[in-house]
Amino acid sequence: MALQSIPRVALSSGNAKTMPVLGLGTGDYPHPAPEAVIQAVHEAIKLGYTMFDTASAYGTEEALGEAISQALDLGLIKSRDDVFITSKIWCTENHGDRVLPALQKTLQNMKLEYLDQYLIHWPVSMKPGSEPFHVNQEDVVPMDIKSVWTAMEECQTLGLTKSIGVSNFTCKKLADLLAFAKIPPAINQVEMNPVWQQGKLREFCQANGIMISAYSPLGAAGAQWGTKGVLESPVLMEIAKSKGKSVAQVALRWAYEQGAVIVMKSFNKERLKQNLEIFDWELSDEDSKKIAEIEQSRACNGKMFISETGTIKSLEELWDGEV
Ligand code: A2P
């Protein structure tokens, strides 16, 4: 029986199904074992989560698909339409003629007929066959965003995904995309938490009808790309103490109050429950002011794509100066 009802938001894609503002991510490295993913997804569904996030690079598409299929058999959900599923295309498939086959492969991995959301994982193209998580910078090639996005639009038109979007895109890259897109991106999934607040990007996205989805809302402390800076923030600790909440709850509540959709990761039943309990209280103006003053730094910076002799020569270039 669901404990909490998670608010939902409409996306610019016009999809009749709205998107829950809080969901469970499955990205970790080393990749989580399939049984761990299946168990976490089932616990999450029992608690009331219905939004789940994966990516071709995470190695969890099959397990998430299996978890959904088992959840149907077990009666935890009544129909596939009850869950909102996102996956992402990896950089090796960011070529016009490879996008549709990549989505078809994802659907096959997940045994699904459609995704709710398909995202370009990074604004980076790589030679086909290069390994995710072991990026050879020499395999990074110039990205033809127009042909990639046109193929993403075709995926939506064919009904294989209900909405399309991007991840790790800057204001400049979004503006370039919006200049020619027939279907604008519904979402930009980016690192967002109290230590990397993304103020400028959020303003741009809001003005252009693009929903921000926050990944690493807790700093992804356990992951290769993460930081302990969120869960160990003295400012957040003080607010948490004064409110009788956990630091994680304060960080998640902050992201929710900024209007973001949140992709949180926990495979722990108690923490899944705790992270859901953020919708019946609020941060004070004073709390928000203190959080706004936290020193900023990006944890997941994409440095694996950068090489002085390669296609993307600096972090400034990857992030268009937003570093
Ligand atoms: P675990 O899976 O053991 O719960 P993010 O959501 O930013 O990607 O962060 C994920 C990390 O934060 C994971 O290591 C996860 O560990 C941990 N985590 C998730 N929820 C909580 C919580 N409520 N308190 C402390 N750590 C948490």
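In this report, the structure presented in the accompanying data block is examined.

The rules behind these values
Numbering of residues starts from 1 in each chain and follows the order in which that chain's sequence is written. Where local features are concerned, this predicted model is filtered to residues with pLDDT of at least 70; where side-chain atom pairs are given and counted, the filter is 80 or more; whole-chain, interface and lining totals use all residues. Where side-chain values are given, they derive from all heavy atoms of the structure, hydrogens and water being excluded. Secondary structure counts use DSSP, requiring at least four H or I residues in a row for a helix and at least two E residues in a row for a strand, with both numbered from the N terminus. For this measure, only C-alpha atoms enter the radius of gyration; the expected value for a globule follows 2.2 Å times N^0.38, where N is the number of residues. Only protein chains enter the accessibility calculation, which uses a 1.4 Å probe; a residue whose area is less than 20% of its type maximum is buried, one above 50% is exposed, and one in between is partly exposed. Residue contacts are defined here by distance: any two heavy atoms, one from each residue, within 4.5 Å place the two residues in contact. Using a 1.4 Å probe, accessible areas were evaluated by the Shrake-Rupley method; residue-level cover was limited to the displayed protein chains. None of His or the chain ends enter the tally, which takes Lys and Arg as positive and Asp and Glu as negative. A charged residue contributes its charge at one atom only: NZ of Lys, CZ of Arg, CG of Asp or CD of Glu. This arc describes the spread of directions from the helix axis toward the C-beta atoms. Throughout, an axis means a line fitted to C-alpha atoms (over the contacting stretch in the case of helices), and angles, computed between N-to-C directions, take values from 0 to 180 degrees. Any angle that is under 35 degrees is reported as roughly parallel, and any over 145 degrees as roughly antiparallel; angles of 65 to 115 degrees are reported as roughly perpendicular and all others as oblique. Only Asp, Glu, Lys and Arg are considered charged in this grouping, and only Ala, Val, Leu, Ile, Met, Phe, Trp, Tyr, Cys and Pro are considered nonpolar; every other residue, Gly among them, is considered polar. Throughout, the term near means that a residue has one or more heavy atoms lying within 4 Å of the molecule or strand in question. Any pair of N or O atoms that falls within 3.5 Å is considered a polar contact. Within protein, one atom must be able to donate a hydrogen and the other to accept it, and sequence-neighbouring residues count only if both atoms are side-chain atoms. Between Lys or Arg on one side and Asp or Glu on the other, a salt bridge is scored when a side-chain nitrogen of the former is within 4 Å of a carboxyl oxygen of the latter. Criterion for a disulfide: a pair of cysteine sulfur atoms within 2.5 Å.

Let's talk about the overall build of the protein chain
Of regular secondary structure, the protein chain possesses 11 helices and 12 strands. Since a compact globule built from 323 residues should have a radius of gyration of about 20 Å, the 19 Å found for the protein chain is in line with a globular shape. Here the protein chain, with 323 residues, has 56% of them falling under the buried criterion. Summarising the internal contacts of the protein chain: among those between residues at least 6 apart in sequence, 71% fall at separations of at least 24. As displayed, the protein chain offers around 13,900 Å² of accessible surface, 51% of which is attributable to carbon and sulfur atoms. Charged side chains of the protein chain number 31 positive and 40 negative; the gap between the two group centres comes to 2 Å.

Observations concerning helix 5 (residues 171–178)
Buried residues of helix 5: C171, K173, L174 and L177, and no others. Across the axial projection of helix 5, the buried residues extend over an arc of 165°, all falling on one side. Close packing links the buried residues of helix 5 with helix 4 (145–157), strand 9 (164–167), strand 10 (187–191), helix 6 (199–207) and helix 11 (315–318).

Brief notes about the side chain of S307
Relative to the helices and strands, S307 resides in the loop between helix 10 (285–292) and helix 11. For S307, a relative accessible area of 12% gives the class buried. Sequence-distant contacts of S307, defined by excluding residues within four places in its chain, comprise Q137, E138, I312 and K313.

Some thoughts on the packing of helix 2 (residues 61–74) against helix 3 (residues 99–110)
Relative to each other, helix 2 and helix 3 sit at 50°, their axes nearing to 7 Å. In this view, helix 2 runs oblique relative to helix 3, as classed from their interaxial angle. Together, E61, E62, L64 and G65 of helix 2 and T106, N109 and M110 of helix 3 make up the contact between the two elements. In terms of residue class, the contact of helix 2 with helix 3 is made up of 2 nonpolar, 3 polar and 2 charged.

Quick look at the site of the ligand
Taken together, 16 residues lie around the ligand, and L218, A220, S266, R271 and N275 are the ones closest in. Between the ligand and K265, the relevant distance is 2.9 Å, taken from an oxygen atom to a main-chain nitrogen or oxygen of the residue. In isolation the ligand offers 570 Å² of accessible surface; the protein chains occlude 80% of this area.

Here we look at the pattern of salt bridges
Here the structure, examined in full by the defined rule, presents 13 salt bridges. In this structure, K200 engages E322 in a salt bridge whose closest nitrogen and oxygen atoms are separated by 3.5 Å. A residue pair is termed long-range when its members are at least 10 positions apart, and K200 in helix 6 and E322 in the segment after helix 11 qualify at 122 residues. Judged by its relative accessible area of 57%, K200 is exposed. Taken together, the salt bridges that share partners define one network made up of K17, R80 and D116.

Looking at the environment of S13
Tracing the sequence through the fold places S13 in the loop between strand 1 (8–9) and strand 2 (19–20). Residue classification places S13 among the partly exposed positions, given a relative accessible area of 23%. For the pair formed by S13 and I164, sequence separation is 151 residues and the distance between their alpha carbons is 7.8 Å. Among all residues touching S13, those that are not within four sequence positions of it are Q156, K162, S163 and A186.

A closer look at helix 9 (residues 269–276)
Burial in helix 9 covers these residues: L272, N275 and L276. Along the long axis of helix 9, the arc covered by the buried residues comes to 105°, so they all point the same way. Of the surrounding secondary structure, the elements contacted by the buried residues of helix 9 are strand 3 (22–25), helix 1 (34–47), helix 8 (247–257) and strand 12 (261–264). Sitting at the amino-terminal end of helix 9 is N268, which places a side-chain oxygen 3.0 Å from the backbone nitrogen of E270.

Observations regarding the state of the cysteines
On inspection of all chains with the given rule, the structure shows 0 disulfides. A disulfide-free cysteine, C91 has its sulfur positioned 11 Å from the sulfur of C300, the nearest such atom. Accessibility expressed as a relative area gives 11% for C300, which makes it buried.

Geometric descriptors of this kind do not, in isolation, establish any biological role.
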